[in-house]
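Spelled out, the chains give:
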Amino acid sequence: MGEPQKVAGKRNASVQAKIPVSVRPGYHVNSNTPTDEYLIPLKLTWVSAGALESGSVAYPKPSMEKYEFAEKPLSVFTGNFELVANFKVAANAPAGPGAAVGKLRYQACNERACFPPKTAEVTVPYQIQ
Amino acid sequence: MSALRLSSALAIALLVGWFIYFSSSGTRPARSGPVKPDKDRHQAPDFALKDVNGQTVRLSDYRGKVVLLDFWATWCDPCRIEIPWFMDLERRNKDKGFAVLGVSMDDEGWEVVKPFLSQLGVNYRVLIGNDETSQLYGGVDALPTTFLIDRGGRIAAVHVGLASRRDFEDGVEQLLQSPTPAAASRAALPASSLRSE
């Protein structure tokens, strides 16, 4: 995991955090919109946004991939991609640093097996100007 | 509106280099194993889990039968491919001393498993697993993971990941044709120890 870059903004400003995600070659994760109700979507949620107000999360366009184990193509993310989290700096945000903390839930498979869903912590440091 | 304008550095706030790592076992390639010779088999750990009726089921309840023990989950597509094969094996062999036991590793339990089983018309017994049971079997991480257990309750084969239907059919057939442990031990007794009727 690399060092996060800070998000900075003034009160009432809209800010975006780009969250790079990398999936190991040979593996895929379900997209945020899987094709089957039983499949677990990739989902970013905010536990504590601090002085930021959390907004929408933009997910990349998934790819439809056909695997040996599935009859129909699956909606997945592979390789490197970015999630874009939108925030608004709160009107009464105190100047100074802080961090928004979220959770990224995902479930991965390779060509022959699937692995239990996992949750990774996401931290977006910010600086209110 | 300058106060609301973002600096270029803000607009492209690049965060953490997120890397989705999988546990070390997750990186292992799926593998299948043929039926092991008798001498290489180890006792399958016993467990007690609930079935859909709330009844406690122990693996030891099945001693004397060949058991196909399948760790699976509703979110696992490769598992879904194998389930109809297991249903067929159950249908064809249940009267020959064979049983399939499915152990679901879904965290949500019966809430998601029950409708899934109905949808597929699963004809064998399914239990809700837990971490303890998973640990007993080596920390089952990749799903499906399937154990073939002989009539003596020993692990005769392990399939990690999607295996071939043929592997299961051949394995089950081979184990069903093997003598029961009791019959085997009787055959091994010296003639002098046998009582005449």
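Below you will find a few notes about this structure. All values derive from a computational prediction rather than experimental measurement.

1. Considerations on the environment of Val57(A)
Residues and elements named next belong to chain A. Take Val 57: it is sitting in strand β5 (residues 52-58). Accessibility expressed as a C-beta count within 10 Å gives 18 for Val 57, which makes it partly exposed. C-alpha of Val 57 to C-alpha of Val 84: the two residues are 27 residues apart in sequence and 5.6 Å apart in space. Those residues in contact with Val 57, other than ones at most four positions away along the chain, are Leu 44, Leu 83 and Ala 85.

2. Quick word on the nonpolar core
Residues and elements named next belong to chain B. Of all hydrophobic cores here, the largest spans 79 residues; its most connected members are Leu 68, Leu 143, Leu 148, Ile 149 and Val 172. The element contributing the most residues to this core is strand β7 (residues 66-72), with six residues. Sequence-distant contacts of Leu 68, that is, excluding residues within four places in its chain, are made with Phe 86, Leu 89, Val 100, Thr 146, Leu 148, Phe 168 and Val 172.

3. Observations regarding the environment of Leu148(B)
Residue and element names in this part refer to chain B. Tracing the backbone shows Leu 148 in strand β10 (residues 145-149). Sequence spacing of Leu 148 and Leu 89 is 59 residues, and the spatial spacing of their C-alpha atoms is 12 Å. Discounting residues that sit within four places of it in the chain, Leu 148 has contacts with Val 35, Leu 68, Ala 156, Ala 157, Gly 171, Val 172 and Leu 175.

4. Topic: the sheet that holds strand β11 (residues 118-128) of chain A
Residue and element names in this part refer to chain A. The four strands lie next to each other as β1-β11-β9-β4, forming an open sheet whose pairing is mixed. At either end of the open sheet lies a strand with only one pairing partner, and these are β1 (7-9) and β4 (43-48). Recorded for the sheet is a direction-independent mean angle of 30° between the axes of neighbouring strands. Two strands pair when backbone bridges link them, and β4 and strand β9 (residues 96-106) are joined in this way by five bridges, in the antiparallel orientation. The residue of β9 that forms the bridge with Leu 44 is Leu 104.

Rules used in this analysis
Residues numbered from 1 in each chain as written. Chains lettered and ligands numbered in written order. Predicted model: local features only at pLDDT ≥ 70, side-chain atom pairs only at ≥ 80, totals over all residues. Helix = DSSP H or I, 4+ residues; strand = E, 2+ residues; numbered from the N terminus. Buried ≥ 20, exposed ≤ 12 C-beta atoms within 10 Å, placed from the backbone. Contact = placed C-beta atoms within 7 Å. Core = buried A, V, L, I, M, F, W, Y, C linked by C-beta atoms within 7 Å. Pairing = 2+ DSSP bridges. Axes fitted to C-alpha atoms, helices over the stretch in contact; angles between N-to-C directions.

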